[in-house]
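Spelled out, the chains give:
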Amino acid sequence: MKKSQLIAGNWKMNGSLAANEALVRAVVAGLAGGGAACRVAVCVPSPYLAQVRSLCEGSALELGAQDVSRHGQGAYTGEVSAAMLEEFGVRYAIVGHSERRQYHGESDSVVADKARAALAHGITPIVCVGETLAEREAGQTASVVRRQLAAVIDAVGDGLARIVVAYEPVWAIGTGRTATPEQAQQVHAALRAQLRAATAQADGVAILYGGSMNAANAASLLAQPDIDGGLIGGASLKAPDFLQIIAAAH
Ligand code: PGA
């Protein structure tokens, strides 16, 4: 069964106590009155989880993290475990964002371990996949995203029905260059087929699009049959833009 769409903001390494308060208050005010037809979350830097959790209280806005350790606990300086995120009421954790794959050397198997760690604590991993411009131009888009998703499918077993996938072409992230709705739909359909081959509940797995989604292009992307929401970077930092994207979702 199709769930409502999911619009998730990815703040990346942006924010401050004052800026977060203004932003979240504006988003919560915009959602009040049950206006949103979709599910809405913000994935915030770890130090702000407690702040944003309390700002979201009593609202429809859900809390997400941007990463999670693949380890349970112990000597992993700088890492944050899924158990810790769970204590802060985190519902979603982005795993395998291209910035983590690129700047932190995260392999497909590390990303898969992170997805499994999140699921073990009732946290929905938002598993990011996507090709670079060079890979697209070499005709490798389908094989790259298939390989990235396959690692997660192999690792999570029955948890597959509880993941969210985000297709984020690397060349579209933060560049203002969006995949066309047709380009995105083509990849989403391939990801859906791959999920269907692995679980009977594939149609309930949300596949988000991410990469320069904004107030102007959201509606046409979100109208595609296999696009179930968006992972929004830059436009999630401005409440009016984020709310316009939410209004375009169903
Ligand atoms: P963008 O980022 O919307 O700023 O392109 C999306 C993302 O990286 O998740």
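Here the residue numbers are simple positions, counted from 1 along each chain's written sequence. Local features in this predicted model are restricted to residues whose pLDDT is 70 or higher, and side-chain atom pairs enter the listing and the counts only when it is 80 or higher, whereas totals over whole chains, interfaces and linings include all residues. For side-chain calculations, the full set of non-hydrogen atoms in the structure is used, while hydrogens and water are omitted.

## A short note on the overall build of the chain
Scanning the chain from N- to C-terminus turns up ten helices and eight strands. For the radius of gyration, the atom set is restricted to C-alpha positions; the globular benchmark scales as 2.2 Å times the number of residues to the power 0.38. Whereas a compact globule of 250 residues would reach a radius of gyration of roughly 18 Å, the chain reaches 17 Å, a difference of no more than 12%. Considering only C-alpha atoms, the chain reaches an extent of 45 × 45 × 35 Å along its principal axes. The buried label goes to any residue with under 20% of its type's maximum accessible area, the exposed label to any with over 50%, and the partly exposed label to all in between, with areas taken from a 1.4 Å probe on protein chains only. The burial tally for the chain puts 51% of its 250 residues in the buried class. Helix numbers and strand numbers start at the N terminus; a helix is a DSSP run of H or I with at least 4 residues, a strand a run of E with at least 2.

## Details of the packing of aromatic side chains
Whether two aromatic rings pair depends on their centres lying within 6.5 Å, for rings of Phe, Tyr and Trp, where Trp uses its six-membered ring; planes under 30 degrees apart make the pair stacked, over 60 edge-to-face, and the rest tilted. Taken as a whole and judged by the stated rule, the model has one aromatic pair. Note on geometry: a ring has a charge over it if NZ (lysine) or CZ (arginine) is within 6 Å of the ring centre and within 35 degrees of the ring normal. One residue, Arg-91, lies across the ring of Tyr-92, its end atom 5.3 Å from the ring centre.

## Remarks on the side chain of Asp-226
Along the chain, Asp-226 falls in the loop between α9 (218-222) and β8 (229-232). Taking relative accessible area as the criterion, Asp-226 reaches 13% and is therefore assigned buried. A 3.5 Å cut-off defines polar contacts: any pair of N or O atoms within that distance qualifies, except that in protein one atom must be a possible hydrogen donor and the other a possible acceptor, and neighbouring residues in sequence count only when both atoms are side-chain atoms. Engagement of the side chain of Asp-226 in a polar contact is seen with the side chain of Arg-192, the distance being 2.9 Å. For this analysis, residues touch if any pair of their heavy atoms sits within 4.5 Å. Filtering out sequence-adjacent residues up to four positions away, Asp-226 remains in contact with Gln-185, His-188, Ala-189, Arg-192 and Ile-207.

## Considerations on the pairing of strand β2 (residues 39-44)
Judged by how many residues are buried, β2 sits mostly within the fold: five of six residues are covered. Two strands qualify as a pair provided DSSP detects at least 2 bridges between them. Across five bridges, the pairing between strand β1 (residues 6-10) and β2 is parallel. Its bridge partner lying in β2, Leu-6 is registered against Arg-39. For the segment spanning β1, helix α1 (residues 17-31) and β2, crossover handedness is right-handed. Alignment of β2 against strand β3 (residues 61-65), held across five bridges, turns out to be parallel. Bridge pairing in β3 links Val-40 to Leu-61. A crossover links β2 with its parallel partner β3, the connecting element being helix α2 (residues 49-56), and its sense is right-handed. By convention, a crossover is right-handed whenever its connection, traced from the first strand over the helix to the second and viewed with the strands pointing away, goes clockwise.

## Some remarks on the site of the ligand
Lining the immediate environment of the ligand, one finds 13 residues, of which Lys-12, His-97, Glu-168, Gly-174 and Ser-212 sit closest. Between an oxygen atom of the ligand and a main-chain N or O atom of Gly-174, the distance comes to 2.7 Å. Within the backbone of Ser-212, an N or O atom sits 2.7 Å from an oxygen atom of the ligand. For the ligand, whose accessible area on its own is 280 Å², the fraction buried by protein is 95%. When at least one non-hydrogen atom of a residue lies within 4 Å of a molecule or strand, that residue is treated as near it. Calculation of accessible area relied on Shrake-Rupley with a 1.4 Å probe; when residues are assessed, cover is drawn exclusively from the protein chains displayed.

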